[in-house]
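Understanding the architecture of this molecule
The residues making up each chain are set out below.
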Amino acid sequence: MREVTRDQWRRQAGARGPLWVFGYASLIWRPDFDPAERHPTRVHGWHRALAMWSRVNRGTPEQPGLVFALLPGGSCQGVVYRVAAREADAVFDRLWAREMPSAVYDPRWLACSTPHGPVQALAFTLSRRSPSYTGALTPGQYRDIFRHAHGRYGSTLDYARQTLNSLHAHGVNDLQLSRLLHYADE
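Residues numbered from 1 in each chain as written. Predicted model: local features only at pLDDT ≥ 70, side-chain atom pairs only at ≥ 80, totals over all residues. Heavy atoms only, no water.

1. Focus on the overall build of the chain
Operational definition: Runs of E in the DSSP output that reach at least two residues are strands. Runs of H or I that reach at least four are helices, and both are numbered from the N terminus. Working definition: with a 1.4 Å probe on protein chains only, accessible area under 20% of the residue-type maximum means buried, over 50% means exposed, and in between means partly exposed. Using a 1.4 Å probe, the Shrake-Rupley method yields the accessible areas, and only the shown protein chains count as cover for residues. The charged-residue count follows a simple rule in which Lys and Arg add positive charge and Asp and Glu add negative charge, with His and chain termini not counted at all. Charge placement uses NZ in Lys and CZ in Arg. For Asp and Glu, CG and CD serve respectively.
Scanning the chain from terminus to terminus reveals 6 helices and 7 strands. The dimensions of the chain, computed from C-alpha atoms along their principal axes, are 50 × 30 × 25 Å. Expressed as a percentage of the 186 residues in the chain, the buried residues total 51%. Of the roughly 9,100 Å² of accessible surface on the chain, 50% is carried by carbon and sulfur atoms. Of the side-chain charges in the chain, 23 are positive and 16 negative, and the distance between the mean point of each set is 3 Å.

2. Remarks on the confidence of the model for the chain
This is how the line gets drawn: The pLDDT value tells you how sure the predictor is about a given residue, anywhere from 0 up to 100.
Counting all residues, the mean pLDDT for the chain is 93, and 99% of those residues have values of 70 or more. Mean pLDDT per element in the chain: helix 1 (residues 2-13) is the minimum at 80, and strand 7 (residues 154-155) is the maximum at 98.

3. Let's talk about helix 4 (residues 139-148)
The following threshold applies: By construction, the arc corresponds to the directions joining the helix axis to the C-beta atoms. When checking whether two residues touch, look at their non-hydrogen atoms; a contact exists if any pair is within 4.5 Å.
Of the residues making up helix 4, those classed as buried are Tyr142, Ile145 and Phe146. With its buried residues spanning 95 degrees around the axis, helix 4 presents them on a single face. Among the structural elements, strand 2 (37-54), strand 3 (65-83), helix 5 (156-169) and helix 6 (175-182) are those in contact with the buried residues of helix 4.

4. Quick word on unusual backbone geometry
Of note, the phi angle at Asp32 is positive, near 65 degrees, even though the residue is not glycine. Considering the arrangement of structural elements, one finds Asp32 in the loop between helix 2 (26-29) and strand 2. For Asp32, a relative accessible area of 44% gives the class partly exposed. Backbone geometry at Ala103 places phi at a positive 55 degrees, although glycine is not the residue there. Among the structural elements, Ala103 can be located in the loop between helix 3 (85-99) and strand 4 (106-114). For Ala103, a relative accessible area of 42% puts it in the partly exposed group.

5. A word on the pattern of salt bridges
Filter applied, for reference: Every case where a carboxyl oxygen of Asp or Glu lies within 4 Å of a side-chain nitrogen of Lys or Arg is listed as a salt bridge.
Tallied over the entire structure, the rule returns 7 salt bridges. Residue Arg98 is joined to Glu99 by a salt bridge in which the shortest nitrogen-to-oxygen separation is 2.9 Å. Here Arg98 matches Glu99 in class, with each residue buried. The shortest N-O distance in the salt bridge between Asp185 and Arg161 comes to 3.3 Å. Taken together, the positions of Asp185 in the segment after helix 6 and Arg161 in helix 5 put the pair 24 residues apart, joining distant regions of the chain. What makes Asp185 exposed here is its relative accessible area of 58%. Owing to a relative accessible area of 34%, Arg161 belongs among the partly exposed residues under this scheme.

What follows is the structure in structure tokens.
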């Protein structure tokens, strides 16, 4: 899947073209690369949802946590990054290792607007058919996860709060995430 995605990028950007990446959660507050450009943007046809099980990074097999995914429908405000062509291959490989160690996401090229015009940016989406998709959770399930789920990179609660704070810093008000985080305080 990695090489198919890389080939798609090379066909659209050219052999020496930049890599564009769409961030909608932790890639906003911890991209792990130095972008040549970054711009707030919105993708259409996808929305951010705290709806993917995490059994390593934000939870355990015994107490699964949650991470964000892009699900079909709606729209999502985030940040689009341009990675300079000279660094693009290395960043692509690091990003793939970070986001796709278990191939849970479906990588897609999504249209993002920039001050220079539209670009196709790599984004990591999730199918509702994936075993990692949570489906609808109850308020009680969110409360339990926020209180107890903790993995290699910290808790689900910290991850969700960091994402919300980063979105606010970029002028994005995610009402759904704000509502979910109220369950942590009940």
